[in-house]
Amino acid sequence: MIRIGITGHRNLTPGVGGAVAALIDSHLEPYGCDMVGLSCLADGADALFAAAVIDAGAPLEVIVPAREYRDGLPTGHHPLYDRLLSQAVLVHALPHVESTPRAHLEAGRLLVERCDQLVAVWDGEPARGPGGTADIVAYARSLHRPVSVLWPEGARR
């Protein structure tokens, strides 16, 4: 089975989020349940991808960057995060306590190292901080991992 990881933008507007969900569904459709999805479950692209993996009947692996990671996510995202985490077949918890950019960068790198292909929900712009989407894409490319960039035409973050 192919192992597909996700990196991507958070805080997507509803319109962009809907378009991104459709792009993810279309990208994953050929694999059906013959894939393993890897995600950190952040709000936005990570959660949309994880939900699509579960909806396809495929196993989901989660990488948790730090013990306080959930606390740093928007409160409104906690129920979805908890539901997706409970459906994971495997959870990789990094040893960090605080949810820092360094912890996020390490989680992104681990995700890339554990996947065969990376899906990047990315507008092509530089990362806004260490561990951002552009950094994870660059790391994947440095390891010669195939990267599929998904971004709705004309959309803005």
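Above this note sits the structure.
Residues numbered from 1 in each chain as written. Predicted model: local features only at pLDDT ≥ 70, side-chain atom pairs only at ≥ 80, totals over all residues. Heavy atoms only, no water.

Caption draft 1: Structural context of the pairing of strand β2 (residues 35-39). Where burial is concerned, most of β2 is hidden: five out of the five residues are buried. What you see with β2 is no split at all: M35, G37 and S39 on one side and V36 and L38 on the other are buried throughout. With four bridges connecting them, strand β1 (residues 2-8) and β2 associate as parallel partners. Looking across to β2, one finds that I2 is bridged to M35. Chirality of the crossover, the property in question, places the unit of β1, helix α1 (residues 14-28) and β2 among those that are right-handed. Sheet topology places β2 next to strand β3 (residues 60-66); three bridges connect them, and they run parallel. Bridge pairing in β3 links L38 to E61. (Buried < 20%, exposed > 50% of the residue type's maximum accessible area, 1.4 Å probe, protein only. Helix = DSSP H or I, 4+ residues; strand = E, 2+ residues; numbered from the N terminus. Pairing = 2+ DSSP bridges. Right-handed = clockwise from strand over helix to strand, strands pointing away.)

Caption draft 2: The arrangement of the layout of surface pockets in detail. For the largest pocket, the calculated volume is near 620 Å³. Counting residues per element, the ones that place at least two in the lining of the largest pocket are β1, α5 (101-114) and α6 (133-142). Its residues placed into classes, the lining of the largest pocket shows 15 nonpolar, ten polar and five charged. (1 Å grid on protein atoms, 1.4 Å probe; cavity = no way out; pocket = protein on both sides within 12 Å on 5 of 7 lines; lining within 4 Å. Points joined across faces, edges and corners; volume = space filled by probe spheres on them. Nonpolar A, V, L, I, M, F, W, Y, C, P; charged D, E, K, R; others polar.)

Caption draft 3: Seen up close, the packing of aromatic side chains. Summed over the entire model, instances satisfying the criterion amount to one aromatic pair. The ring centre of Y139 lies 5.2 Å from the NZ or CZ of R109, which sits over that ring. (Phe/Tyr/Trp six-rings, centres within 6.5 Å; stacked < 30°, edge-to-face > 60°. Lys NZ or Arg CZ within 6 Å of the ring centre and 35° of its normal.)

Caption draft 4: Geometry of α1. The end-to-end C-alpha distance of α1 is 21 Å, a good match for the 21 Å that 15 residues give at a rise of 1.5 Å each. Regarding α1, the residues found buried are V16, G17, V20, I24, H27 and L28. Projection of α1 onto a plane perpendicular to its axis shows the buried side chains occupying an angular sector of 95°, all on one side. Turned more than 90 degrees away from the buried face of α1, the exposed residues are P14 and G15. Taken together, the buried residues of α1 touch β1, β2, α2 (45-55), β5 (117-121) and β6 (147-150). (Expected span 1.5 Å × (residues − 1). Arc of directions from axis to C-beta. Contact = heavy atoms within 4.5 Å.)

Caption draft 5: Region of the structure containing α2. Counted residue by residue, α2 has eight buried out of eleven residues, so it is predominantly covered. Taken as a whole, α2 has its buried residues at A45, D46, A47, F49, A50, A52, V53 and I54. In this fold, the buried residues of α2 make contact with β1, α1, β2, β3, α4 (78-86) and β5. A positive phi of about 80° marks G57, the residue just after α2.

Caption draft 6: Representation of the sheet that holds strand β4 (residues 90-96) within the structure. Ordered by their spatial adjacency, six strands build an open sheet running β4-β3-β2-β1-β5-β6, and the pairing between neighbours is parallel. Looking at strand neighbours, the two that pair on one side only are β4 and β6, the edges of this open sheet. Going from strand to strand, the sheet's axes swing by 20° on average, the running direction of each strand aside. Docked against the sheet, α6 engages β1, β5 and β6, running at close to 155° with respect to β5. (Axes fitted to C-alpha atoms, helices over the stretch in contact; angles between N-to-C directions.)

Caption draft 7: Representation of unusual backbone geometry. You will see that N11, though not glycine, has its phi angle at about 50°, which is positive. Tracing the backbone shows N11 in the loop between β1 and α1. Under the relative-accessibility criterion, N11 is labelled exposed at 60%. Backbone geometry at H144 places phi at a positive 60°, although glycine is not the residue there. Within the secondary structure, H144 sits in the loop between α6 and β6.

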